[in-house]
Amino acid sequence: MNVLNGTSFARLESAVKSAEMRQGVISNNIANVDTPNFKRSEVLFEELLTQEMGGNMGLQGKRTNERHIPIGKSGGTVPTAQVQTDNLSQMNNNENNVDIDREMSLLAKNQLSYNFYIQQINHDVKMMTTAIEGR
């Protein structure tokens, strides 16, 4: 039984790692808000995960026998977060494209997402502990 090594837990673990990476990237953007010619970066993870899961299709089946009919995308792999730099836009005369208000709101959103992911991991572990202890 792959409780902690299952695909859903691996996706949650990758989401936490991407939120940590996003925190560093956004912090770097904020730190360079006045640096001439600096181009902001962003972390792509949710989009890649949606593509890997087959778009909006939330149902995925696991085939334990080759005669079973496949349901959803059969890959089950978890993508890694990627950093993408925005070289096309320009906000200031010094060719810097960092909007401090946008970055601060993205930082707050990322913090909420990170807290949610950690709460979900804690809930999953607590449910397993409850099942093991039989309470």
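Reference entry: report on the structure contained in this document.

Thresholds, definitions, all that
- Residues numbered from 1 in each chain as written.
- Predicted model: local features only at pLDDT ≥ 70, side-chain atom pairs only at ≥ 80, totals over all residues.
- Heavy atoms only, no water.
- Buried < 20%, exposed > 50% of the residue type's maximum accessible area, 1.4 Å probe, protein only.
- Helix = DSSP H or I, 4+ residues; strand = E, 2+ residues; numbered from the N terminus.
- Pairing = 2+ DSSP bridges.
- Polar contact = N/O pair within 3.5 Å; in protein donor to acceptor, adjacent residues only side chain to side chain.
- Contact = heavy atoms within 4.5 Å.
- Salt bridge = Lys/Arg side-chain N within 4 Å of Asp/Glu carboxyl O.
- Expected span 1.5 Å × (residues − 1).
- Axes fitted to C-alpha atoms, helices over the stretch in contact; angles between N-to-C directions.
- Parallel < 35°, antiparallel > 145°, perpendicular 65-115°, else oblique.
- Left-handed = near helix turned anticlockwise from the far one by under 90°.
- Nonpolar A, V, L, I, M, F, W, Y, C, P; charged D, E, K, R; others polar.

Turning our eyes to something else, we now look at the pairing of strand β1 (residues 41-44). Side chains of β1 alternate between two faces, with Ser 41 and Val 43 buried and Glu 42 and Leu 44 left unburied. Here β1 pairs with strand β2 (residues 82-85) via four bridges, running antiparallel. Of the residues in β2, the one forming a bridge with Val 43 is Val 83.

Okay, the side chain of Asn 96 next. As for its placement among the helices and strands, Asn 96 is situated in the loop between β2 and α3 (100-133). Residue classification places Asn 96 among the buried residues on the basis of a relative accessible area of 0%. Within the structure, Asn 96 has its side chain in polar contact with the backbone oxygen of Val 33 (distance 3.0 Å). Contacts of Asn 96, omitting those with residues within four sequence positions, involve Asn 32, Val 33, Asp 34, Thr 35, Asn 37, Phe 38, Gln 90 and Met 91.

Okay, the pattern of salt bridges next. In total, this model carries two salt bridges according to the counting rule given. A salt bridge links Lys 17 to Glu 13; the nearest nitrogen and oxygen atoms lie 3.7 Å apart. With Lys 17 and Glu 13 both in helix α1 (residues 7-31), this residue pair falls four residues apart, about one helical turn. Of the charged contacts in the structure, one is a salt bridge between Glu 103 and Arg 40, with a shortest N-O distance of 2.6 Å. Highlighted residues: Glu 103 in helix α3 and Arg 40 in the loop between α1 and β1, separated in sequence by 63 residues. Neither residue differs from the other here; Glu 103 and Arg 40 are each classed as buried.

This part is about α3. Taking 1.5 Å as the rise per residue, α3 with 34 residues should run 50 Å; its terminal C-alpha atoms sit 49 Å apart, in good agreement. Within the span of α3, buried status applies to Glu 103, Leu 107, Asn 110, Tyr 117 and Ile 121. Following α3 by one or two positions, Gly 134 adopts a phi angle in the positive range, close to 80 degrees.

Attention now moves to unusual backbone geometry. Of note in this structure, Asn 37 is not a glycine but carries a positive phi near 65 degrees. Here Asn 37 shows up in the loop between α1 and β1. Even without being glycine, Glu 95 reaches a positive phi, approximately 65 degrees. Tracing the sequence through the fold places Glu 95 in the loop between β2 and α3.

Here we take up the packing of α1 against α3. Closest axis-to-axis distance for the α1/α3 pair is 9 Å, and the angle between their directions is 155 degrees. On the basis of their axis angle, the class for α1 and α3 is roughly antiparallel. Every pair of crossing elements has a handedness; the one defined by α1 and α3 is left-handed. Taken together, the residues that form the contact of α1 with α3 break down as 15 nonpolar, six polar and four charged.

Turning to the environment of Asn 29, a few remarks are in order. Along the chain, Asn 29 turns up in helix α1. Here Asn 29 falls in the buried class, since its relative accessible area comes to 0%. It is 7.3 Å that separates the C-alpha atoms of Asn 29 and Glu 103, two residues lying 74 residues apart in sequence. The residues touching Asn 29, leaving out its near neighbours within four places in the chain, are Phe 38, Arg 40, Ser 41, Val 98 and Glu 103.

Nothing here speaks to function; it is geometry throughout.
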